[in-house]
Amino acid sequence: MAPRHKPNRKRPLLRGGLAAGLALAAAGGTLPFLLSNAHAETPSLTIPAPDRFKPVANPVYGAGPGGVVERTEVQDQGALGYYRWTPDGGAPVDLPASSPYDDVNSIDGGGGSHVSVTSGDVVAIYDSPNRVQLKDMQSGTTTKYTLPDGHFYRGVFGSYVLTATRDANGEKNVLHVLRMAADGQLTDTPVTGLNGWVAEDGMTLGGDDRSVAIWYARPDGTRGVGLLDLATAAVTPVLPGATGANAQVVFSDAHVAWYSPDGGNTTARVLPRATPQAAGTEVELGSGEGTARLGLVGDWLLTTHQLAQSAGDFLAGEGAALTALPIAGGAPRTLLEHAGWRMAQVPGGGVTVTGGASAGDWAVRRVAVGDDGAPALRTVRQVAPKEGRLTKLSLTAGHLVTAESDTTYLPALYQRQLTLSTAPSAGERSLLARPDAQTTGEAAQRLYDSRQPVGTGDGRTVVAATDEDGAQVLVVLAADGTKTVVPAVDPQTGEKMPTGSEHVSTVRSASGRYVVFGDSGRGLEDRQYVVDLDAAGGPKVVRVRQGPGGLAVWGTKLWMPSDSDDGTLQAVDLKSGQTTATDPVTDNGCLPQQLQTAGPWVYWDCYPTGSVSSGHGVYNTETRQSSWAPRGTLGDGYVVAYEENRGQLNLTPIGEAPRTIEAFMVQYAYPTVQTDRFGGALAYAKERSARITVVDSGVATSPVAGIESRAEQSVDLASATDAVWDAQWQLSKPVTDARVTVRNKSGRTVFTGSAKEYAAAVSFSWDGRTGDGRHVNDGTYTWELTGTPADGDGAALKVTGTVALSGGQRLRTTG
């Protein structure tokens, strides 16, 4: 093995020992990392999962003065949990009601449960087919009803139970008011005053402990809404002609409000509670999306909307605004930017609803009349956001990019810059790329959902994708989000990459200006494209390979299987065209279908989906030695692999025994893992979790080197268009204190300046002037780039070259 491998060597991330790791853990940013059999003091960086964009579902089904009935979305699936009573400032209490799979709380039971609050803090629970409980959540007492035979549940209102029985025609149209007498016997009072028959479907539109709104229909076919006085069991028509289809009626002490969206209606009608047969007030709800939902607070009508979220309607996930409309007329007020569509009237006054500005601001809130007579909000309890979902990640030269499926309204890429030192840290997370909110089509909307982002090492990120026509393309993203799209087109023939489920384009390798993307390299029709991101005229495909065999790029060298079937590899210099070959490296002369590169290492795998124990290994391009390595992800001097049968994520230094990074308490189906090929760190996230762990490999990285450069060889300092010497260098890993020194032919320094560092790249510009501002003489000058390895491993960077300057003498003469 190469002598540079010193597994016990401490890199800067390790300095400070266990005390540093514990201090970081106490601060909440990191956890101590235990690398089996070595580096027990190595700290790791834990990056918490971001919040999901869509707030946690927490519908309210009723509310009393001292608490609320709610159900909360469970953490690991899209269903709701059990009904529970949550007292203000107290611990939740589960209610004895079944838990449907969706948000169903039908007043006729819906085949399950109906839970409501219409009197004080008494929770009414109906369980199909005939059981009713009234639980006083303050006193703890419970009253139980068993419905008489032939009675069908229509709701609990205060201490009354409304039921229906069948008429002579077999329809459930005969209403009854049941009440528990002092001796424990049920009293059954038939409802009067309908003078016709009651429509069965959705007949009960809402109510409280005094009245119930009934949708009725007369024999002549006319319909309307009537109020059932529970004390007298008599119905009084109050809204003749009003439909009951999908209608809702809400009650407060002062008002009764009705609304139905039937026929595109956008107007609610509000009646005075004391004289409901008097003329009401029409309140325009507006033409917003979804179905309006109502609440009453004082002299205000509250509205939000139940939005039907279609497959592509991601913005609906936050919910509509909660708005207060003055019943007497006037300007509306927005109380909450977003709210759940269920509102619960509080007996005695007020409304309870769940909502907020975003998922991080979601809370159960009460709306009551403030001192100025307008609705005022009070937060009862925060509803913690749900973790977002991570689908892919990339770590390159400390630049972490995450593909997140639900942390914003469309799947997006986010970026952070990591610092690995004695106190590892992650910079602020920022958006790198996201489709526009108006983008249509699932492919375009989910562009960044499951596609693997890959860093190039110079601050750019590339993603293989498809365009609007379904053709394969390479998306190139600068750190500022600027996007360039490169089509997968053969530069010689103009032929595009084949489409279809058997052709899935992926970025296979990236290093600075060169990127390999395309098919897997396993089939005869597979195509892989080599792109030059800095080609003249813009990024373009410069080379195509068709057929089996993997490709990988490092610096200017494109690695691929040789043309002979003898297990050898070849490297093509993408600038000079020179080809170098290796000795046989693969087992039994097999053809590598996958190649990975990092520093001097080339990882090969002939059967990426085959046996774990054979057909793959690592080749050292400096020592020309081959070594076995597990099937996994290559880093600089090591391979990371997940051992599924043991639930272990292992790191194997080349030529040494594996070490366990983490042994999972519960087995996960392949965590998301990426190594930093331009550094010594690796990042991983467990399945179903967006929390990321970043840890130093503990393996000394290769010495820093310049692996590709674009330094101008001549400059005319008198040019009117380009009088500056520009140079860019792609390095094998990041450096600090990068400087460029320019010397004349006698070796005297004429200029020295700091170079710009970004990721594992450096750039420099010079206008040909000395430190005192004078132009240098014409001639050939030697430049030298130096820098200190950011990770502290290996010797300092030193790259040299020459540049011919002209026009300087002319400027000195005329100046």
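Everything below is about the structure printed above this text.
Residues numbered from 1 in each chain as written. Predicted model: local features only at pLDDT ≥ 70, side-chain atom pairs only at ≥ 80, totals over all residues. Heavy atoms only, no water.

**Overview of the environment of Ser 430**
Mapped onto the elements of the fold, Ser 430 is located in strand β36 (residues 430-433). Relative accessible area serves as the criterion here: at 31%, Ser 430 is assigned to the partly exposed category. Residues Ser 430 and Gln 415, 15 residues apart in the sequence, show an inter-C-alpha distance of 5.5 Å. For Ser 430, the contacting residues outside a window of four places in its chain are Leu 413, Tyr 414 and Gln 415. (Helix = DSSP H or I, 4+ residues; strand = E, 2+ residues; numbered from the N terminus. Buried < 20%, exposed > 50% of the residue type's maximum accessible area, 1.4 Å probe, protein only. Contact = heavy atoms within 4.5 Å.)

**Some words on the state of the cysteines**
Enumeration according to the criterion identifies one disulfide in this entry. A disulfide bridge connects Cys 590 with Cys 606, and the sulfur atoms are separated by 2.0 Å. Here the disulfide of Cys 590 and Cys 606 is right-handed, its torsion about the S-S bond being about 70°. Residue Cys 590 is located in the loop between β48 (579-581) and β49 (594-598), and its partner Cys 606 is located in the loop between β50 (601-605) and β51 (616-620); the two are separated by 16 residues in the primary sequence. Of the residues examined, Cys 590 reaches a relative accessible area of 8% and is grouped as buried. (Disulfide = S-S within 2.5 Å.)

**Description of the sheet that holds strand β62 (residues 725-731)**
Pairing in this open sheet of four strands is antiparallel, and the strands run β60-β62-β66-β65 from one edge to the other. Bordering the open sheet on either side are β60 (706-711) and β65 (756-758), each of which pairs with just one other strand. Sheet twist, expressed as the mean angle between neighbouring strand axes with direction ignored, is 15°. (Pairing = 2+ DSSP bridges. Axes fitted to C-alpha atoms, helices over the stretch in contact; angles between N-to-C directions.)

**As for unusual backbone geometry**
In this structure, Pro 129 follows Ser 128 across a cis peptide bond, with omega equal to 10°. By secondary structure assignment, the location of Pro 129 is in the loop between β8 (122-127) and β9 (131-136). In this structure, Ala 397 takes a positive phi of about 55° despite not being glycine. When you line up the elements, Ala 397 lands in the loop between β32 (390-396) and β33 (399-404). You can call Ala 397 buried: its relative accessible area is 6%. Within the chain, Arg 624 stands out as a residue other than glycine whose phi angle is a positive 60°. Residue placement: Arg 624 occurs in the loop between β51 and β52 (625-628).

**Describing the pattern of salt bridges**
Tallying each qualifying case throughout the model produces 27 salt bridges. The residue Arg 446 makes a salt bridge to Asp 449 at a minimum N-O spacing of 3.2 Å. Judged by its relative accessible area of 31%, Arg 446 is partly exposed. Judged by its relative accessible area of 11%, Asp 449 is buried. For Arg 527, the salt bridge goes to Glu 495, with nearest N and O atoms at 2.7 Å. Of this pair, Arg 527 sits in strand β43 (residues 527-532) while Glu 495 sits in the loop between β40 (483-487) and β41 (506-511), and the two are 32 residues apart along the sequence. On the accessibility criterion, Glu 495 (40% relative accessible area) is partly exposed. One salt-bridge network, held together by shared partners, links Asp 458, Arg 460, Arg 513, Asp 532, Asp 534, Lys 575, Glu 708 and Arg 710. (Salt bridge = Lys/Arg side-chain N within 4 Å of Asp/Glu carboxyl O.)

**Comments concerning the nonpolar core**
Within soluble globular proteins, side chains that are nonpolar tend to cluster in buried spots. Counting 24 residues, the largest nonpolar core has Trp 725, Trp 729, Val 740 and Leu 785 as its most contacted members. If sequence neighbours within four positions are ignored, Trp 729 has contacts with Glu 708, Ser 709, Val 740, Ala 760, Ala 761, Val 762, Ser 763, Phe 764, Trp 783, Leu 785 and Val 799. Listed in part, the 17 residues of the second largest apolar core include Val 198, Tyr 216, Leu 230 and Ala 233. (Core = buried A, V, L, I, M, F, W, Y, C linked by side-chain atoms within 4.5 Å.)

**Observations concerning empty space enclosed by the protein**
Summed over all chains, the structure comprises two cavities of 30 Å³ or more. In this structure, the largest cavity occupies an estimated 50 Å³ of space. Taken together, Trp 554, Gly 599, Asp 636, Arg 677, Phe 678, Gly 679, Thr 701, Ser 702, Ser 732 and Lys 733 form the lining of the largest cavity. The residue makeup of the lining of the largest cavity, split by class, is two nonpolar, five polar and three charged. (1 Å grid on protein atoms, 1.4 Å probe; cavity = no way out; pocket = protein on both sides within 12 Å on 5 of 7 lines; lining within 4 Å. Points joined across faces, edges and corners; volume = space filled by probe spheres on them. Nonpolar A, V, L, I, M, F, W, Y, C, P; charged D, E, K, R; others polar.)

Everything listed here is a matter of geometry and, on its own, says nothing about what the molecule does.
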